[in-house]
Amino acid sequence: KDTKLSNGIADLFRGEFRNYIRCVNVNYESSRNEFFYDLSLAIKGCENLENSFKLYVAKERLDGNNQHSAGEYGKQDADMGTEFLQLPKVLHLHLRDFDYSTLRMEKVNEKFEFPKEIDLTQFVVNPGDRSFEPNRYLYDLYGILVHSGGVYGGHYYAFLRTSTNPQWYKFDDSCVTKEETETAVQDNYGGSIYANYNPNARTNPYSYAYQYSRMKRYSGYMLVYVRREDADHIFQPISTNEIPQHLIDYVKQAELEAKMKKERQIEESNTLTINVISQSDLENWNLQGNFNGKAS
């Protein structure tokens, strides 16, 4: 609070959209603006990310028995939908696996492509003076959270770019490794995987690769896109004077405790405990089975 970072979360992650109902034949509209920090996009049947955005903003016509009640205008044909007013600097996308028709979770394994860069300008309406400048809403892919497994269980790991450098890293629990772009991006589209894949497999139904093809159990689950014009600022090094003092103190204390714990472990590993037993102790213990005061 009360610092230049007090609005930092909203500045990075908050966008805005409008839910609306607009009458077709009269000048009447009902709408509500809302902020969002991530978007949940349908992937089933969409094939790629652009089609998911098109589905998100698609209009639904309200007519016939489903006409909209437009106040003094009475029942009217209308369009209902969602439109984006502003997209954030860092865009978090959840690839949805909830079926609203059955109200059940499902794991969608069909192939769904998400590009390394995407221009979302076409999805922003009435965006203001600067919004139609070149690359205003051009985004680059920086993160992919992958889910491996079924709908009710599995394992999560992530592929991330930690700077504007194109190098990808895989974060799998405590293991971090460098990875090629194809492994980080294209391999997580979902779809089929072929054992010993042969490019001619589909023309030969008796080939090993064709018979043993199967759907992947892993695919992208969350995507992180960063607006290109903001990337240099977002990933610039953080100077010490920008870090709140209480965080500096916290890290120093944590480092001190870790150092003391390590020193204790070293001391314990170099310590040998010796138990000395006297002759009288041995005699007393053996008297447990004695007779007439004599050791047995």
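Residues numbered from 1 in each chain as written. Predicted model: local features only at pLDDT ≥ 70, side-chain atom pairs only at ≥ 80, totals over all residues. Heavy atoms only, no water.

Before going further, it helps to examine the overall build of the protein chain. For the protein chain, the count of helices and strands is seven helices and 18 strands. In the protein chain, which comprises 296 residues, the proportion classed as buried is 30%. In the protein chain, the share of contacts with a sequence separation of at least 24, taken over all contacts with a separation of at least 6, comes to 60%. On the protein chain, roughly 20100 Å² of surface is accessible, and the fraction owed to carbon and sulfur atoms is 48%. (Helix = DSSP H or I, 4+ residues; strand = E, 2+ residues; numbered from the N terminus. Buried < 20%, exposed > 50% of the residue type's maximum accessible area, 1.4 Å probe, protein only. Contact = heavy atoms within 4.5 Å. Areas by Shrake-Rupley, 256 points an atom, 1.4 Å probe, with all protein chains shown as cover.)

One non-glycine residue, glutamate 47, lies in positive phi territory at about 75 degrees. Mapping glutamate 47 onto the fold places it in the loop between β3 (39-42) and α2 (49-56). Although it is not a glycine, aspartate 173 adopts a positive phi angle of roughly 55 degrees. Position of aspartate 173 relative to the elements: it lies in the loop between β14 (168-172) and β15 (175-179).

Let's shift gears to the pairing of strand β13 (residues 153-160). Relative to β13, strand β12 (residues 138-150) runs antiparallel, the two being bridged by eight bridges. Considered in β13, the bridge of leucine 145 is made with alanine 158. Taken together, β12 and the strand that follows it, β13, pair antiparallel across an intervening segment of two residues. Bridge analysis of β13 against β14 gives three bridges, and the strand direction is antiparallel. When the bridges of β14 are listed, alanine 158 appears paired with phenylalanine 171. (Pairing = 2+ DSSP bridges.)

Let us look at the pairing of β15. In this structure, β14 lies alongside β15, joined through five bridges in antiparallel fashion. Residue aspartate 172 lies in a different strand from β15, and its bridge partner there is cysteine 175.

Our next topic: the pattern of salt bridges. Scanning all chains against the criterion turns up 14 salt bridges. Taking the shortest distance from any N to any O, the salt bridge between aspartate 230 and arginine 227 comes out at 2.7 Å. Note on accessibility: aspartate 230 and arginine 227 belong to one class, buried. (Salt bridge = Lys/Arg side-chain N within 4 Å of Asp/Glu carboxyl O.)

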